[in-house]
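What the coordinates show
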Amino acid sequence: RDFAPTDAGFQPESALFCQAGRQPIPTLFSQHIYRRFSGPDRERNAAALLESFRALPIQFLVESFRLNQFPVEVRRFWAENYQPYRASVFVAGRRLAGARDAEIDFEILVPGAYRWIPGRGGWIPGGGAHPVWVEGRTLAAGEVVELAAGRYLARLLEDVPDGMLVLAVDDPPGPAPLSFYEN
């Protein structure tokens, strides 16, 4: 409910609500993943998939056991650029953590409004805990900054054990990731 029907999402099995009205990336069941990402074209196909994520851009991922069947460089890309947000949904954004004055160079794939959420599980808008400097301004907990796709530098203004800068959706974060499919 936090994304419009036209917003691109990804789930290997193409869950209907992820890609309503369009299929930006084809359905990839286990046999498709294996064929595409093993053998002599493995590296080229992995690079092409990552380029698709940059070009579209994909705003969210939905959990699937098949995500773990992709090559390590694809899984690393997802871990860096999509954060477990709520239930089975990973939202575009970056995890930021480290010691005071640490500088973190990162890439934003999806242009839009990004919210700084320090800690785990939620945010208190305007709270003072663990501010971070991004794009020339200081963000307190829950504050939002507009970012274009591209590279950025963040500076931690105090020790930040954990936090994420993610697309500013209406619902707060919750327990994640949870299985999309019933066991």
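Quick caveat, the model's predicted, so the values are computed rather than measured.

**Focus: the nonpolar core**
- Of all hydrophobic cores here, the largest spans 45 residues; its most connected members are Phe10, Phe53, Trp78 and Tyr82.
- Beyond its immediate sequence surroundings of up to four residues, tyrosine 82 is in contact with Phe53, Ile58, Gln59, Phe60, Leu61, Phe77, Phe90, Val91, Ala92, Gly93 and Leu109.

**A closer look at the packing of helix H2 (residues 42-55) against helix H3 (residues 72-81)**
- Closest axis-to-axis distance for the H2/H3 pair is 9 Å, and the angle between their directions is 20°. Regarding the angle of H2 to H3, the classification is roughly parallel. By crossing handedness, the relation of H2 to H3 is classed as right-handed. On the side of H2, the interface is formed by Arg42, Ala46, Leu49, Leu50, Phe53 and Arg54, while H3 contributes Glu73, Val74, Phe77 and Trp78.

**Side note on H3**
- Residues of H3 that are buried: Val74, Phe77, Trp78 and Asn81. Axial view of H3: buried residues confined to an arc of 95°, hence all on one face.
- In this fold, the buried residues of H3 make contact with strand E1 (9-10), H2, strand E2 (60-62), strand E3 (82-86), strand E4 (89-95) and strand E5 (103-108).

**Things to note about the environment of isoleucine 104**
- By secondary structure assignment, the location of isoleucine 104 is in strand E5.
- Taking relative accessible area as the criterion, isoleucine 104 reaches 18% and is therefore assigned buried.
- With 50 residues separating them in the primary sequence, isoleucine 104 and alanine 154 have C-alpha atoms 5.1 Å apart.
- Aside from chain neighbours lying at most four places away, what touches isoleucine 104 is Leu96, Ala97, Tyr152, Leu153, Ala154 and Leu156.

**Quick notes on the environment of phenylalanine 90**
- Along the chain, the position of phenylalanine 90 falls in strand E4.
- The spacing of phenylalanine 90 and phenylalanine 60 is 30 residues in sequence and 5.5 Å in space, taken between C-alpha atoms.

**Regarding H2**
- For H2, with 14 residues, the first-to-last C-alpha span of 20 Å sits near the 20 Å given by 1.5 Å per residue.
- Looking only at H2, the buried set comprises Asn45, Ala46, Leu49, Leu50 and Phe53. An end-on view of H2 places all buried positions within 135° of arc, on one side of the element. Turned more than 90 degrees away from the buried face of H2, the exposed residues are Glu43, Arg44 and Ala55.
- Tucked into the core, H2 has its buried residues touching E1, helix H1 (30-36), E2, H3 and E3.

**With respect to the packing of aromatic side chains**
- Applying the stated criterion across every chain yields a total of nine aromatic pairs.
- Ring geometry for phenylalanine 37 against phenylalanine 70: centres 5.5 Å apart, planes inclined by 55°, an arrangement best described as tilted. Here phenylalanine 37 is found in the loop between H1 and H2, whereas its partner phenylalanine 70 is found in the loop between E2 and H3, with 33 residues between them in sequence.
- Residue classification places phenylalanine 37 among the buried positions, given a relative accessible area of 7%.
- For the ring pair phenylalanine 53 and phenylalanine 77, a centre distance of 6.1 Å and an interplane angle of 75° mean the geometry is edge-to-face. Taken together, the residues span a long stretch of sequence, with phenylalanine 53 in helix H2 and phenylalanine 77 in helix H3 at a distance of 24 residues.
- By relative accessible area, phenylalanine 77 is classed as buried at 5%.
- Through a chain of ring-to-ring contacts, the aromatic side chains of Phe10, Phe37, Phe53, Phe70, Phe77, Trp78 and Tyr82 assemble into a single cluster.
- For the cation-ring pair, arginine 155 lies above tryptophan 133, with the distance from its terminal atom to the ring centre recorded as 4.6 Å.

Procedures and definitions
- Residues numbered from 1 in each chain as written.
- Predicted model: local features only at pLDDT ≥ 70, side-chain atom pairs only at ≥ 80, totals over all residues.
- Heavy atoms only, no water.
- Core = buried A, V, L, I, M, F, W, Y, C linked by side-chain atoms within 4.5 Å.
- Buried < 20%, exposed > 50% of the residue type's maximum accessible area, 1.4 Å probe, protein only.
- Contact = heavy atoms within 4.5 Å.
- Axes fitted to C-alpha atoms, helices over the stretch in contact; angles between N-to-C directions.
- Helix = DSSP H or I, 4+ residues; strand = E, 2+ residues; numbered from the N terminus.
- Parallel < 35°, antiparallel > 145°, perpendicular 65-115°, else oblique.
- Left-handed = near helix turned anticlockwise from the far one by under 90°.
- Arc of directions from axis to C-beta.
- Expected span 1.5 Å × (residues − 1).
- Phe/Tyr/Trp six-rings, centres within 6.5 Å; stacked < 30°, edge-to-face > 60°.
- Lys NZ or Arg CZ within 6 Å of the ring centre and 35° of its normal.

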